Amino acid sequence: MTEIFTPPYPRPPRNKRGLVKRFLRGWHSWIHVLFDKSYTMKMGEIRLPGRTMYIANELPLVDRILRGGTAFPKHSELVRNLDPLIGNSVFSANGADWESQRAMVNPAFAHTALGRSMPLMVAAADDLVARIEAAARDGGPVDIDPMMTHVAADIIFRTLFSQTLDAERSNIIHTAFGRFQRLAHSASMLRLYGLPAGWFEKRSKGPARAIHDVFRPIVEARYAGFHGRGEAGTRDILQSLIEAKHPETGAHFTCEEVMEQVSTIFLAGHETSASTMTWALYMLGECGHIQTRVREEVARLAGGQPLTGAMLKDMGQLRNIFKETLRLYPPVSFLPREVTCPVDMRDKHLEAGAMLVVAPWLTQRNKDNWACPHAFDPDRFEDPANAEMAKQAWFPFGRGPRVCVGAGFAQQEVMTVIASVVRRFAISVPAGFTPEPISRLTIRPRTGMPLLFTPIS
Ligand code: HEM
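Bear in mind that the values here come from a model prediction, so they are computed numbers and not experimental data. All residue numbers refer to positions counted from 1 along the written sequence of the respective chain. In keeping with the model being predicted, local features are shown solely for residues with a pLDDT of at least 70 and side-chain atom pairs are shown and tallied solely at 80 or more, while totals for entire chains, interfaces and linings include all residues. Values shown for side chains rest on all heavy atoms present in the structure; no hydrogens or waters enter the calculation.

Caption draft 1: Region of the structure containing the coordination of the iron atom of the ligand. The donor definition counts N, O and S atoms within 2.8 Å of each metal and applies 3.2 Å to Na, K and Ca; water is not among these atoms, so some sites may look incomplete. Just one protein atom coordinates the iron atom of the ligand, and that atom is Cys404 (SG), at 2.3 Å. Counting through the fold element by element, Cys404 comes out in the loop between helix H15 (387-392) and helix H16 (407-422). Per the convention used, a helix needs a DSSP run of H or I reaching at least four residues, while a strand needs a run of E reaching at least two, with both numbered from the N terminus.

Caption draft 2: Examining the site of the ligand more closely. As a matter of local geometry, the ligand sits amid 26 residues, with Trp98, Arg102, Arg337, Arg402 and Cys404 nearest to it. Residues adjacent in sequence count toward polar contacts only when both atoms are side-chain atoms; beyond that, a polar contact is any pair of N or O atoms within 3.5 Å, and within protein one must be able to donate a hydrogen and the other to accept it. Between an oxygen atom of the ligand and a side-chain N or O atom of Arg102, the distance comes to 2.5 Å. Counting only elements with at least two residues in the shell around the ligand, the list comes to helix H4 (95-105), helix H10 (255-286), strand E4 (335-338) and H16. Any residue with at least one heavy atom within 4 Å of a molecule or strand is counted as near it.

Caption draft 3: The arrangement of the nonpolar core in detail. Buried Ala, Val, Leu, Ile, Met, Phe, Trp, Tyr and Cys residues that are joined via side-chain atoms within 4.5 Å together make up what is termed a nonpolar core. Think of it in three bands: with a 1.4 Å probe and only protein chains considered, a residue is buried below 20% of the maximum accessible area for its type, exposed above 50%, and partly exposed in between. Ranked by size, the top nonpolar core spans 128 residues in total, and within it Met148, Trp361 and Phe453 carry the most contacts. In this structure, Leu61, Ile65, Met345 and Phe395 belong to the second largest nonpolar core, which totals 17 residues.

Caption draft 4: Quick peek at the sheet that holds E4. DSSP-based pairing: two strands are paired if at least 2 bridges between them are found. Strand order in the open sheet formed by four strands is E1-E2-E7-E4, and the pairing between neighbours is mixed. Each edge of the open sheet carries a strand with a single partner, namely strand E1 (43-47) and E4. Strand-to-strand, the axes of this sheet are offset by a mean angle of 25°, without reference to chain direction. Inter-axis angles, ranging from 0 to 180 degrees, are taken between N-to-C directions of lines fitted to C-alpha atoms, where helices are fitted over the stretch in contact.

Caption draft 5: Spotlight on the pattern of salt bridges. Any carboxyl oxygen of Asp or Glu that lies within 4 Å of a side-chain nitrogen of Lys or Arg is treated as forming a salt bridge with it. This model, assessed by the stated rule, comprises 24 salt bridges. Here Arg191 makes a salt bridge to Glu201, at a shortest N to O gap of 2.6 Å. Taken as a pair, Arg191 in helix H7 (residues 167-192) and Glu201 in helix H8 (residues 198-229) lie far apart in primary sequence, ten residues in all. Here Glu243 and Arg235 are joined by a salt bridge, their closest N and O atoms 3.2 Å apart.

Caption draft 6: Inspection of unusual backbone geometry at higher detail. Positioned with a positive phi, Arg346 is a non-glycine residue whose angle comes to about 50°. Tracing the chain through its elements places Arg346 in the loop between strand E5 (343-345) and strand E6 (348-350). Accessibility expressed as a relative area gives 48% for Arg346, which makes it partly exposed. One non-glycine residue, Cys372, lies in positive phi territory at about 40°. Within the secondary structure, Cys372 sits in the loop between helix H14 (360-363) and H15.

Caption draft 7: Inspection of the side chain of Ser420 at higher detail. Along the chain, the position of Ser420 falls in helix H16. Excluding anything up to four places from it in sequence, Ser420 contacts Ala125, Val129 and Leu307. The contact rule is simple, with two residues in contact once any of their heavy atoms fall within 4.5 Å.

Caption draft 8: Region of interest: the packing of aromatic side chains. Only centres within 6.5 Å qualify two rings of Phe, Tyr or Trp (six-membered ring in Trp) as a pair; their planes then separate them into stacked at under 30 degrees, edge-to-face at over 60, and tilted for everything else. Enumeration over the complete set of coordinates arrives at 18 aromatic pairs. Ring plane angle 65° and centroid distance 6.1 Å describe the contact between Phe5 and Tyr282, whose orientation is recorded as edge-to-face. Here Tyr282 lies in helix H10 and Phe5 lies in the segment before helix H1 (19-26), a separation of 277 residues in the sequence. You can call Tyr282 buried: its relative accessible area is 1%. Taken together through their ring pairs, the aromatic side chains of Phe5, Trp279, Tyr282, Tyr329 and Trp361 make up a single cluster. Placement of a positive charge over a ring is assigned whenever Lys NZ or Arg CZ falls within 6 Å of the ring centre and within 35 degrees of the normal to the ring plane. Lys74 extends its terminal NZ or CZ atom over the ring of Phe91, reaching a point 3.8 Å from the ring centre. Taking NZ or CZ as reference, Arg365 lies 4.1 Å from the ring centre of Trp361, over its face.

Caption draft 9: Summary view of the pairing of E1. Here five bridges tie E1 to strand E2 (residues 52-56), and the two strands are oriented antiparallel to one another. Across the sheet, residue Arg47 finds its bridge partner in E2, namely Thr52. Turn length for the E1-E2 hairpin, with the two strands adjacent in sequence and antiparallel, is four residues.

Caption draft 10: Structural view of the packing of H1 against H7. One way to put it is that H1 packs onto H7 with a least axis distance of 10 Å and a crossing angle of 165°. When the axes of H1 and H7 are compared, the pair comes out roughly antiparallel. The two elements H1 and H7 cross, and the hand of that crossing is right-handed. Mapping the contact onto sequence places Arg22, Phe23 and Gly26 in H1 and His185, Met189 and Leu190 in H7. Roughly parallel here means an angle under 35 degrees, roughly antiparallel means over 145, roughly perpendicular means 65 to 115, and every remaining angle is called oblique. Less than a right angle of anticlockwise turn of the near helix away from the far helix marks a crossing as left-handed, whereas a clockwise turn marks it as right-handed.

Caption draft 11: Focus on the sheet that holds strand E11 (residues 450-455). Reading across the sheet, the three strands line up as E3-E11-E8 and stay open at both edges, with antiparallel pairing between neighbours. The strands lining the two open edges of the sheet, one partner per strand, are strand E3 (142-143) and strand E8 (425-428). Two strands pair when backbone bridges link them, and E8 and E11 are joined in this way by four bridges, in the antiparallel orientation. Bridging across to E11, Phe425 finds its partner in Pro455.

Caption draft 12: Region of the structure containing the side chain of Arg380. Mapped onto the secondary structure, Arg380 falls in the loop between H14 and H15. At 3.0 Å, the side chain of Arg380 and the backbone oxygen of Ala375 are in polar contact. Not counting chain neighbours up to four residues away, the residues in contact with Arg380 comprise Glu324, Arg327, Trp370, Ala371, Cys372, Ala375 and Asn386.

Caption draft 13: Focus on a nonpolar patch on the surface. To count toward a patch, a residue needs a relative accessible area above 30% and no salt bridge. Like charges then connect within 9 Å, nonpolar side chains (Val, Leu, Ile, Met, Phe, Trp, Tyr) within 5 Å. Here, Shrake-Rupley sampling with a 1.4 Å probe gives the accessible areas, and only protein chains in the shown set may cover a residue. A contiguous nonpolar patch, built from Leu19, Val20 and Leu24 and spanning about 290 Å² of accessible area, is present on the exposed surface. Among the secondary structure elements, Leu24 is positioned in helix H1.

Caption draft 14: Here's a closer look at the environment of Arg47. With respect to the element layout, Arg47 can be found in strand E1. For Arg47, a relative accessible area of 60% translates into the label exposed. With residues up to four places along the chain from it excluded, the contact list for Arg47 reads Leu19 and Thr52. A polar side-chain atom of Arg47 sits 2.8 Å from a polar atom in the side chain of Glu45.

Caption draft 15: Examining the layout of surface pockets more closely. Space inside the second largest pocket adds up to approximately 340 Å³. In terms of lining residues, the second largest pocket is bounded by 17 residues, among which Gly178, Arg182, Arg440, Arg444 and Pro445 are the most central. Secondary-structure elements contributing two or more residues to the lining of the second largest pocket are H7, strand E9 (437-439) and strand E10 (443-445). With six residues, the single largest contributor to the lining of the second largest pocket is H7. The residue makeup of the lining of the second largest pocket, split by class, is three nonpolar, eight polar and six charged. Lining residues are defined by having an atom within 4 Å of a point belonging to a cavity or pocket. Those points lie on a 1 Å grid over the protein atoms alone, cavities being sets where a 1.4 Å probe fits but cannot get out and pockets being open sets with protein on both sides within 12 Å along at least five of seven lines. Grid points are joined across faces, edges and corners, and a volume is the space filled by probe spheres set on the points. All amino acids are sorted into three groups, where Ala, Val, Leu, Ile, Met, Phe, Trp, Tyr, Cys and Pro are nonpolar, Asp, Glu, Lys and Arg are charged, and the leftover types, Gly among them, are polar.

Structure (structure tokens):
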């Protein structure tokens, strides 16, 4: 019998640590502050000098909060944290402002329609395979962490702007986003502990600007083309945003507002998928038997032909790998909401303004919800006994009115990339290497993800 693989996660201490120890562990990563009981408690309360935070794990509570819409808007701490990067946009806005932004942005998402985006994904995945081939030629390990950023950013770049993303701009994005995550995380930690965070807040603006500078020239030229010279423009997400009208006033987005929406779609649309692909390839590298099975599935359904949406639909094993990766490493691991009116939950009384966190990382690794919760077992999604849990205790894309608008796009892109890689290479993990997951805005390996790729003839 093949043993089930348990991929790395920070082993929680048995007991809650003191304030200082928690601060030190949390300085690099949110998941490092959790302790044993965090994974099974129904509702927890954490008193910090800066604020009191509640974590709701009980399934009906999770549902109530996420479906609660305006009663539990996105927390101001999250909004402040992301502000240098995405400003006031469809991810961060609340209430009526969010509703009108969502109405304006919705038509742009027609460009992420699965049939329309499939050829872009296949082309970007082919370019990735060529890059891996070149990098693996000497037989040494290849760090796939920046490569997954490149392919995911390339896919969303092609969908947004009808352009490919070259290696130089991809490197700028990967490096700047890594820096932004570190600085924004530190600022957030300090604010939660009631400490001054100004230095980190100020420093985080630099990498955010470096990312904006990659697409500002494209956005400004196209905006001026349409609004200044009446040019029709290419039919893509950017053009839909430039042409979008407010549902009541009929006003267009300003150029800065288009920049904010573009930044949001670009960041929400590549960093999360890149994280998923990195962890999926790592776990396949560790689990040769699952890798062989999925390679056989891809060969049976696609042969040597370019992948299509119809082929992906039939790749059940690949889809289960996607789901299981998102269960174990949900890129958005914590969803912080704000309590708008005093409310009672279980035995707790929450005052207005309190932070109420719903945590895919915890609910999806809770042993009351899933058997062997920390183990990588894609087949669990085939078991009818797990069908109800897959509905209630699996929500890497959120749930309710603020659910991710790119979930179908992400599934198609991750499946396309993994299928393209496994049919071309046998993947393995260098002896002695174990990645350390770090959770800031998303979950990435602390020191990259070197893997070995052997071409399959
Ligand atoms: C594996 C990949 C992805 C994951 C795990 C993910 C996860 C999430 C989650 C959890 C939320 C809701 C956050 C909350 O309720 O606080 C969200 C929202 C959002 N996502 Fe994704 N996402 C992914 C890919 C994408 C892609 C590919 C796009 C765009 C093409 C996208 C665009 C958005 C947008 C615009 C929102 C805000 C929706 C709103 O509030 O109206 N995401 N995502």
